[in-house]
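Structural features, examined
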Amino acid sequence: MQRFAQGFYGYVFAVVVCLGMVGIFLLITPTGRSEHIPQVDYTIDLSNARRTASYQVWAPAAAPKGWIPTSSRMVPSKGTVTWRLGFATASRAHVMLAQSDEKPLAEFADRMAGIARSEGTQQVGEATWERRFRPDKKQRSLVRVLPDATIVVTGTADWPELTALAASLKPQPAA
């Protein structure tokens, strides 16, 4: 036994034993093979936004098929109300709906889109949305500035997915 505790061969033997134990541990440890995306219920934040906001709140009538709501945050601050709603799309890209009455409205849009430059407009239903693209982050945005609020649909999803979310938005009655 003393022979294994000394010299180079003892070191090699100890490393092999340790690697073998790690291999066995990895084989018997259960791992998830399926994708798990945490899902949130955003109805409480929607209700709070409808009750608190001084502007017309917009929300998806129904999320597009295969989309999962992953985050929702409604923040009343200094007389403004901002609501952000995040989704994982069917292609597993990310999209966020952000709306606020923060003044000036254009600055909120610039901050959410990550860029102030417009690439033109796009018709979604009966509404005209401004298209913006930030190439360094591959972030696409649709921006709609209303008289009393700004709505931004933004994320790493492609234009058709952003358009699908924008098209699903419906005005919500005040609570």
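Owing to the predicted nature of the structure, the values given are computational and were not obtained by experimental measurement.

Calculation criteria
Residues numbered from 1 in each chain as written. Predicted model: local features only at pLDDT ≥ 70, side-chain atom pairs only at ≥ 80, totals over all residues. Heavy atoms only, no water. Helix = DSSP H or I, 4+ residues; strand = E, 2+ residues; numbered from the N terminus. Rg over C-alpha atoms; globule rule 2.2 N^0.38 Å. Buried < 20%, exposed > 50% of the residue type's maximum accessible area, 1.4 Å probe, protein only. Contact = heavy atoms within 4.5 Å. Areas by Shrake-Rupley, 256 points an atom, 1.4 Å probe, with all protein chains shown as cover. Lys, Arg positive; Asp, Glu negative; His and termini not counted. Charge placed at Lys NZ, Arg CZ, Asp CG, Glu CD. UniProt positions renumbered as here; feature names shortened; annotations may be inferred. Pairing = 2+ DSSP bridges. Axes fitted to C-alpha atoms, helices over the stretch in contact; angles between N-to-C directions.

This paragraph deals with the overall build of the chain. Scanning the chain for helices and strands turns up four helices and nine strands. Secondary structure elements of the chain, listed N to C terminal, follow the sequence α-α-β-β-β-β-α-β-β-β-β-α-β. Computed over the C-alpha atoms, the radius of gyration of the chain is 25 Å, more than 25% above the 16 Å expected from 2.2 N^0.38 for a compact globule of 175 residues. Across its three principal directions, the C-alpha atoms of the chain cover 85 × 35 × 35 Å. When burial is assessed residue by residue, the chain has 39% of its 175 residues classed as buried. Taking all contacts inside the chain whose residues are at least 6 apart in sequence as the whole, residues at least 24 apart take part in 52%. Accessible area for the chain stands at about 10,700 Å²; split by element, carbon and sulfur atoms hold 60% of it. A distance of 7 Å separates the average location of the 20 positive side-chain charges in the chain from that of its 14 negative side-chain charges.

Sequence positions flagged by UniProt for "transmembrane region" (unreviewed entry) are, in local numbering, residues 7–28. When the span residues 7–28 is considered, its composition is 100% helix and 0% strand, and the gap between its end C-alpha atoms is 33 Å.

Strand order in the open sheet formed by seven strands is E2-E3-E4-E8-E7-E6-E5, and the pairing between neighbours is antiparallel. The sheet terminates laterally at strand E2 (68–77) and strand E5 (121–124), the two strands that pair on one side only. Here the strands of the sheet are splayed against their neighbours by 20° on average, with no regard to which way each runs. Relative to strand E4 (residues 94–100), strand E3 (residues 80–88) runs antiparallel, the two being bridged by seven bridges. Within E4, the position partnered with Phe 87 by the bridge is Val 95. Its contacts with the sheet put helix H2 (residues 43–52) on E2 and E3, and the angle it makes with E2 is roughly 30°.

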